[in-house]
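# Close look at the chain arrangement
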Amino acid sequence: MCGIFGIVTAQEQNLGPILIEAARRLTYRGYDSVGAATISGAKIDLRKDTGRVDDVAARHGLAEMSGSRGITQLRWATFGAPSQVNAQPHLDSDGDMVGAHNGNVVNNVELREQFLAEGMTVRSHNDGESCVHATERYINRGMDFIEAIRGAHADLQGDYAFVIGKINDDKLYAIKKGSGLVVGIGEGFTCVSSDLPSILPLTRKVLRIQDGEIITLWADRVELHSVKDGSLIQREPEQIVETMEAVQKGGFAHFMLKEIHDQPQVAREVMHMLAGSSDVQTVIEKIRAARHVYFIGCGTSYHACLAGAVYFAQVVGKAVIPVLAPQFIPQYLPAVGSEDVGLFVSQSGETKDVLNALQSAEARGMTCFGLANVIGSTLTKATSCWLPLCCGYEISVPATKTFTNQVVTFLYLAYRLGGRDVRELDAIPALMEQTIRSTAPQVEALVEAVNRWQDLYCLGYGATYPMALEGALKLKEITYAHCEGMLSTEFKHGPLSAVTAGLPILFATGPDDVPVIISGINEVTCRGGRAIAIGQEDARLRANASDLITLPKAEAEISSLLAVLPLQLLSYHMAVARGYDPDFPRNLSKTLTVD
Ligand code: M6R
């Protein structure tokens with residue numbers, strides 16, 4: 001979410017085309033506004049607006065911009081609506097410094113008040129501007145840039161990286177705290193960016209920046225200082241030899257595996273966004289007052305709707321109707337009206353089945369909201385109010401990080417609506433990290449045994465039922481084996497007859513559902529089946545299941561979400577072991593724009 005790029009060159013030159021290309025290469029992160037600034041002697045040229053890179057570039061002539069230092073930024077709105085004034089970069093009070101950030105400054109509102117009280121000129125509501133004023137505050141006290149950025153770092157709370165420069169100087173400065181930052185060193189220039197794809201077309205000599213490091217960039221060299229004590233840090237640049245595609249995969253063998261590992265970070269980002277979004281309140285108020293509430297989606301997005309309905313009932317005590325989008329029209333349309341609310345959920349925002357349901361619901365006067373990952377997609381344009389999933393591009397056809405962020409969003413809405421403290425959810429990213437780390441070897445140890453079978457079952461109960469459906473879908477989608485997702489208690493009503501010696505059956509369980517899951521486990525194991533449980537460490541599960549994939553200790557709601565992570569990993573490793581490309585399964589497409 002958001003991206004920054006800055007460049008320092010030995011001579012004044014036409015920087016516009018370089019900045020536009022760098023901005024294009026950051027678009028995969030998601031954005032709604034674009035800006036660029038160049039510094040030439042005592043002059044700063046700042047041009048910015050809402051819209052796509054090429055549109056903003058054409059509208060404001062970004063290609064003509066020149067100087068010896070340049071900054072571009074793609075903004076994805078969190079603090080302050082998408083607008084020209086909130087777009088980045090931002091000037092300081094007297095317009096002789098310019099900077100831009102990536103990330104979230106969570107105390108932005110308080111800082112803005114302080115800056116105004118100190119007599120600074122604050123033009124926007126955007127937290128990137130706070131990074132500039134936080135630096136200005138210390139420059140005004142006579143400090144040099146390194147000291148000023150150290151002061152700013154002490155004042156700015158949250159995860160961010162920012163880049164900043166001043167007139168009549170030959171340098172840019174940047175800092176990393178929580179958000180990505182890489183430096184490129186070329187012939188006659190240096191540059192800094194949120195990510196490698198915008199640097200690699202210019203140079204393959206890079207320095208990876210760590211949290212708490214301040215970078216000074218000259219055209220011919222860079223220096224790193226510790227934000228802690230201002231001391232100089234020595235680091236040798238590295239030469240990137242991988243292809244652009246390998247770099248985009250972030251060192252993982254496939255996009256799917258990278259996206260599985262992206263989940264903790266994007267969960268962090270979506271929760272930051274939700275905390276600062278006024279649209280959340282609109283959605284909550286309408287849901288609170290609604291006669292009936294529908295969560296509508298297809299495939300993976302439908303499974304998130306199911307999980308959302310479970311959380312709304314459990315956390316809020318509010319019944320919600322989860323619906324597969326194509327079934328919405330025949331089953332519910334005659335019953336809906338203006339007293340009802342629909343939340344239409346789609347990663348791509350282009351799924352025809354979802355858009356058909358939306359169109360029909362709107363025609364009946366229903367209040368319709370969207371939950372989508374692709375900004376600018378049809379769903380985001382067709383709903384007056386929509387919430388973004390904040391995942392950046394999801395390239396792999398099997399949805400992973402967009403699913404977990406859909407579920408996190410539903411949990412967040414349920415907590416807010418139910419009056420529960422949303423800070424409890426702050427534990428999610430670290431728990432996800434722990435789950436991925438600790439379950440990966442447990443899953444890999446089971447791959448060979450499970451992969452011998454072509455027919456599998458994945459069962460869950462309560463909040464893990466949607467996770468079981470999602471796990472089964474992932475398995476089918478990329479291993480081409482048959483896997484049926486079911487409510488665990490339904491298994492005895494028929495499928496139990498399919499159990500033969502050694503048949504693996506996956507059981508996902510939350511901590512409160514262990515007794516009911518154990519009944520299911522025993523029905524299977526006493527007939528020779530292999531019950532693989534996924535749940536928190538529990539003596540009862542250990543004693544009854546054939547295998548236990550252990551999840552970290554967590555609240556029941558969060559634990560259900562964690563259960564899907566080993567299922568994603570299992571599908572991935574089974575597909576790879578079968579020789580299939582998990583990123584691009586046969587017959588499937590990422591976006592389904594047909595009926
Ligand atoms: O873009 P959408 O979320 O609307 O897509 C809906 C389904 O096609 C999608 O979730 C599909 O089931 C997944 N790619 C499966 O991993």
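What counts, and at which threshold
Residues numbered from 1 in each chain as written. Predicted model: local features only at pLDDT ≥ 70, side-chain atom pairs only at ≥ 80, totals over all residues. Heavy atoms only, no water. Helix = DSSP H or I, 4+ residues; strand = E, 2+ residues; numbered from the N terminus. Rg over C-alpha atoms; globule rule 2.2 N^0.38 Å. Buried < 20%, exposed > 50% of the residue type's maximum accessible area, 1.4 Å probe, protein only. Contact = heavy atoms within 4.5 Å. Areas by Shrake-Rupley, 256 points an atom, 1.4 Å probe, with all protein chains shown as cover. Lys, Arg positive; Asp, Glu negative; His and termini not counted. Charge placed at Lys NZ, Arg CZ, Asp CG, Glu CD. Phe/Tyr/Trp six-rings, centres within 6.5 Å; stacked < 30°, edge-to-face > 60°. Lys NZ or Arg CZ within 6 Å of the ring centre and 35° of its normal. Near = heavy atom within 4 Å. Polar contact = N/O pair within 3.5 Å; in protein donor to acceptor, adjacent residues only side chain to side chain. Nonpolar A, V, L, I, M, F, W, Y, C, P; charged D, E, K, R; others polar. Domains from an automatic or database assignment. Buried area = accessible area lost by both parts, 1.4 Å probe. Salt bridge = Lys/Arg side-chain N within 4 Å of Asp/Glu carboxyl O.

### Here's the deal with the overall build of the protein
Looking only at helices and strands, one finds 19 helices and 25 strands in the protein. Taking 2.2 N^0.38 as the reference for a compact globule, 595 residues should give roughly 25 Å; the C-alpha atoms of the protein span a radius of gyration of 25 Å, in line with that estimate. Over its C-alpha atoms, taken along the principal directions, the protein stretches across nearly 80 × 55 × 40 Å. Looking at the 595 residues of the protein, the share that counts as buried comes to 60%. Once local pairs closer than 6 in sequence are excluded, the contacts in the protein between residues at least 24 apart make up 71%. About 21800 Å² of surface is accessible on the protein, with carbon and sulfur atoms providing 50% of the total. In the protein, which carries 52 positive and 67 negative side-chain charges, the distance between the mean positions of the two groups comes to 2 Å.

### Let's talk about the packing of aromatic side chains
All chains considered together, the criterion is met by 9 aromatic pairs. For the pair tyrosine 294 and phenylalanine 328, a centre-to-centre distance of 5.6 Å together with 85° between the ring planes defines the contact as edge-to-face. Linking tyrosine 294 in strand S16 (residues 293–297) with phenylalanine 328 in helix H10 (residues 325–332), this pair joins segments that are 34 residues apart in sequence. For the ring pair phenylalanine 295 and phenylalanine 312, a centre distance of 5.2 Å and an interplane angle of 85° mean the geometry is edge-to-face. With phenylalanine 295 in strand S16 and phenylalanine 312 in helix H9 (residues 299–316), the pair connects residues that are 17 residues apart, well separated along the chain. Each of the two residues, phenylalanine 295 as well as phenylalanine 312, counts as buried. Just above the ring of tryptophan 218 sits the side chain of arginine 221; from NZ or CZ to the centre is 3.8 Å.

### Focus on the site of the ligand
Around the ligand sit 15 residues in total, of which Ser301, Ser346, Ser348, Thr351 and Glu477 are the nearest. In the environment of the ligand, an oxygen atom lies 2.6 Å from a nitrogen or oxygen atom belonging to the side chain of serine 301. Between the ligand and the protein, one listed contact pairs an oxygen atom with a backbone N or O atom of alanine 399 at 2.9 Å. Across the complex, the protein chains shield 92% of the 410 Å² of accessible surface that the ligand would expose by itself. Where the shell around the ligand is concerned, the elements lending two or more residues are H9 and helix H15 (465–479). Considering only residue class, the shell around the ligand consists of 6 nonpolar, 7 polar and 2 charged. Residue contributions to the shell around the ligand reach at least three from each of two domains, namely domain 2 (252–420) and domain 3 (436–583).

### Remarks on the domain arrangement of the protein
By a frequent convention, interface size equals the accessible area lost on bringing the separate parts together. Domain annotation of the protein identifies domain 1 (3–248), domain 2 (252–420) and domain 3 (436–583). With centres defined by C-alpha atoms, the gap from domain 2 to domain 3 works out at 26 Å. Each partner contributes to the interface: domain 2 provides 30 residues, whereas domain 3 provides 25 residues. When the two sides are added together, the surface that domain 2 and domain 3 hide from each other amounts to roughly 2300 Å², 68% of it contributed by carbon and sulfur. Seen at the junction of domain 2 and domain 3, the total is 1 salt bridge. The closest approach of N and O atoms between glutamate 557 and arginine 420, which form a salt bridge, is 3.4 Å. At the junction of domain 2 and domain 3, the tally comes to 13 residue pairs in polar contact (both at pLDDT 80 or more).

### Quick notes on the side chain of aspartate 32
Structurally, aspartate 32 is set in the loop between helix H1 (16–26) and strand S2 (33–40). Of the side chains bearing the opposite charge, arginine 75 lies closest to the buried aspartate 32, which forms no salt bridge; the N-O distance is 4.7 Å. With residues near it in sequence (within four places) discarded, aspartate 32 still touches Thr50, Gly51, Arg75, Trp76, Ala77 and Pro82.

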